[in-house]
Amino acid sequence: MFIIDAHLDLSMNAMEWNRDLRLPVSSIRTLEKGMTDKPDREKSTVSFPELRKGNIGIVVATQIARYVKPDSLIPGWNSAQQAWAQTQGQLAWYKAMEEAGEMVQITNAAQLKAHYELWNDGSSNDNKAIGYILSLEGVDSIVDISYLERAHQYGLRAIGPAHYGPGRYANGTDATGRMGQAGLDLLKEMERLNFILDATHLCDDAFWQALDHFSGPVWASHNNCRALVNHNRQFSDEQLMALINRGAVIGAALDAWMIVPNWQRGLSTPKGMNCGLAQVVEHADHICQLAGNAKHIGIGSDLDGAFGTEQSPFDLDTIADLQKMLELFRAKGYSAEELELIFHKNWLNFLYKAWA
């Protein structure tokens, strides 16, 4: 099955974790033996060979750089200008991967259609470039609103206004509070430039305000269900229904603490908590039951989002194992047509409509 993954922090892994994603995951793990600076050293799950092995030919790939105040417990940059510079370094890495033939940027419907057809032409995908749609996770790096047009020109197509904690334009996970004028101006300019609004990570106050003030396309690239894991990072059924009514697609996230309740970071293990791909499917199925169909879910794994196999489903070794979810959905009664919707057509249909 061809797969579209709607959220991968590829550039963060390349630039901050210093991983050469052209290598097999096994080689990346070997290079990290004995390293302890990150909790997921020797446990990575994503690389270009593994994406191709999993028939994952299109990804939504992020830029991310947070601004933080001096007393913040959350890591980040001390100025918006520094955060902008970090995102530009990430952009340079994506461009270098394009020059190396590993990736190709997708910015419009014609490019999307052509790339999908290329990956489904019956020939081997072992050496094909992976298509990427550029997304910004948290907008602290947008120095002022004028930078949005600049970003659109270099190919940015989706924006999540917040990440963790308080942000310059909107508050995110574990924070509260509505957007001020800067955030509302951001939404207005995003709508003018036809950016996709990624509702992921918006705190509840900002979530409802954003839906009220933004009339453009909305998705949630990597989000699970609060009804199954009660945390503000997840969406409530009311929020999920609001997204469904806006025509959104919601990507299932594979970070263990978002999949099963009562996860304790650094203590819990995926096997010990019975956190497997079947539990990810339960979150997706919950959304389908709310919607009454399978037209609003997809894959948004976040598998390289600062965690590895220590915090991934126990039956997943690399991102190629997303293919195992096919049988899990089949076992719950999903048809072949519904499987195509879940694994790629929902994202394709959303993008074709947004980019019409």
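Above this text you will find the structure in question.
The rules we used
- Residues numbered from 1 in each chain as written.
- Predicted model: local features only at pLDDT ≥ 70, side-chain atom pairs only at ≥ 80, totals over all residues.
- Heavy atoms only, no water.
- Phe/Tyr/Trp six-rings, centres within 6.5 Å; stacked < 30°, edge-to-face > 60°.
- Helix = DSSP H or I, 4+ residues; strand = E, 2+ residues; numbered from the N terminus.
- Buried < 20%, exposed > 50% of the residue type's maximum accessible area, 1.4 Å probe, protein only.
- Salt bridge = Lys/Arg side-chain N within 4 Å of Asp/Glu carboxyl O.
- Pairing = 2+ DSSP bridges.
- 1 Å grid on protein atoms, 1.4 Å probe; cavity = no way out; pocket = protein on both sides within 12 Å on 5 of 7 lines; lining within 4 Å.
- Points joined across faces, edges and corners; volume = space filled by probe spheres on them.
- Nonpolar A, V, L, I, M, F, W, Y, C, P; charged D, E, K, R; others polar.
- Axes fitted to C-alpha atoms, helices over the stretch in contact; angles between N-to-C directions.
- Parallel < 35°, antiparallel > 145°, perpendicular 65-115°, else oblique.
- Left-handed = near helix turned anticlockwise from the far one by under 90°.
- Contact = heavy atoms within 4.5 Å.
- Expected span 1.5 Å × (residues − 1).
- Bend = angle between axes of the 7 residues up to and from the residue.

Student: Describe the packing of aromatic side chains, with residues and values.
Tutor: Throughout the structure, instances matching the rule amount to 13 aromatic pairs. Taking 4.7 Å as the distance between ring centres and 85 degrees as the angle between the ring planes, the aromatic pair formed by Trp-84 and Tyr-147 counts as edge-to-face. Separated by 63 residues along the polypeptide, Trp-84 in helix 4 (residues 80–99) and Tyr-147 in helix 6 (residues 146–153) bring together distant segments of the chain. Both residues of the pair, Trp-84 and Tyr-147, belong to the buried class. Arranged with centres 6.3 Å apart and planes meeting at 50 degrees, the rings of Trp-84 and Tyr-154 form a pair that is tilted. Placement of Trp-84 in helix 4 and of Tyr-154 in the loop between helix 6 and strand 5 (156–160) is noted, with a sequence separation of 70 residues between them. Per residue, the accessibility class of Trp-84 equals that of Tyr-154, and both read buried.

Student: Report on the pattern of salt bridges, specifying residues and quantitative values.
Tutor: One pass over the full model with this rule turns up 17 salt bridges. For Glu-327, the salt bridge identified is with Arg-330, shortest N-O distance 3.2 Å. You can see Glu-327 and its partner Arg-330 sitting in helix 12 (residues 325–331), 3 residues apart, about one turn around the helix. Among the residues examined, Glu-327 registers a relative accessible area of 48% and is labelled partly exposed. Residue Glu-340 is joined to Lys-345 by a salt bridge in which the shortest nitrogen-to-oxygen separation is 3.1 Å. By sharing partners, the salt bridges in this structure join Arg-19, Glu-32, Asp-37, Asp-40 and Arg-41 into a single network.

Student: Tell me about the pairing of strand 1 (residues 3–8), and please be specific about residues and values.
Tutor: Counting buried residues along strand 1, 6 of its 6 residues qualify, which places the element largely inside the surrounding structure. Summarising the sheet, strand 1 and strand 2 (residues 56–63) pair through 4 bridges and their orientation is parallel. Paired with Ile-3 across the bridge in strand 2 is Ile-56.

Student: Account for the layout of surface pockets, naming residues and giving values.
Tutor: If you add up the space inside the largest pocket, you get close to 900 Å³. The wall of the largest pocket is formed by 36 residues, among which Met-12, Trp-17, His-163, Gly-305 and Ala-306 lie closest to the centre. Per-class residue counts for the lining of the largest pocket are 15 nonpolar, 10 polar and 11 charged. Forming the boundary of the second largest pocket are 15 residues, of which Arg-246, Gly-247, Asn-349, Phe-350 and Lys-353 lie nearest the centre. In terms of residue count, the dominant contributor to the lining of the second largest pocket is helix 13 (residues 336–354) (6 residues). In terms of residue class, the lining of the second largest pocket is made up of 6 nonpolar, 6 polar and 3 charged.

Student: Describe in detail the packing of helix 8 (residues 204–213) against helix 9 (residues 237–245), supporting the description with residues and values.
Tutor: The N-to-C vectors of helix 8 and helix 9 enclose an angle of 20 degrees; their axes lie 12 Å apart at closest approach. By the angle class used here, helix 8 and helix 9 are roughly parallel. Considering the relative orientation of helix 8 and helix 9, their crossing is left-handed. Here Asp-204, Phe-207, Trp-208 and Leu-211 of helix 8 lie close against helix 9, whose contacting residues are Glu-238, Gln-239, Ala-242 and Leu-243. Residue composition of the contact of helix 8 with helix 9, grouped by class: 5 nonpolar, 1 polar and 2 charged.

Student: Describe helix 13, with residues and values.
Tutor: Between the first and last C-alpha of helix 13 there are 25 Å, a value that for 19 residues agrees with the 27 Å anticipated at 1.5 Å per step. For helix 13, the principal kink sits at His-344 and spans about 65 degrees. Residues of helix 13 that are buried: Leu-339, Leu-341, Ile-342, Phe-343, His-344, Asn-346, Trp-347, Leu-348, Phe-350, Leu-351 and Ala-354.

Student: Give a description of helix 9 that names residues and reports values.
Tutor: Among the residues making up helix 9, those that are buried are Gln-239, Leu-240, Ala-242, Leu-243 and Ile-244. Close packing links the buried residues of helix 9 with helix 8, strand 7 (218–219), strand 8 (250–252) and helix 11 (277–291). Positive backbone phi, at 80 degrees, marks Gly-247, one or two positions downstream of helix 9.

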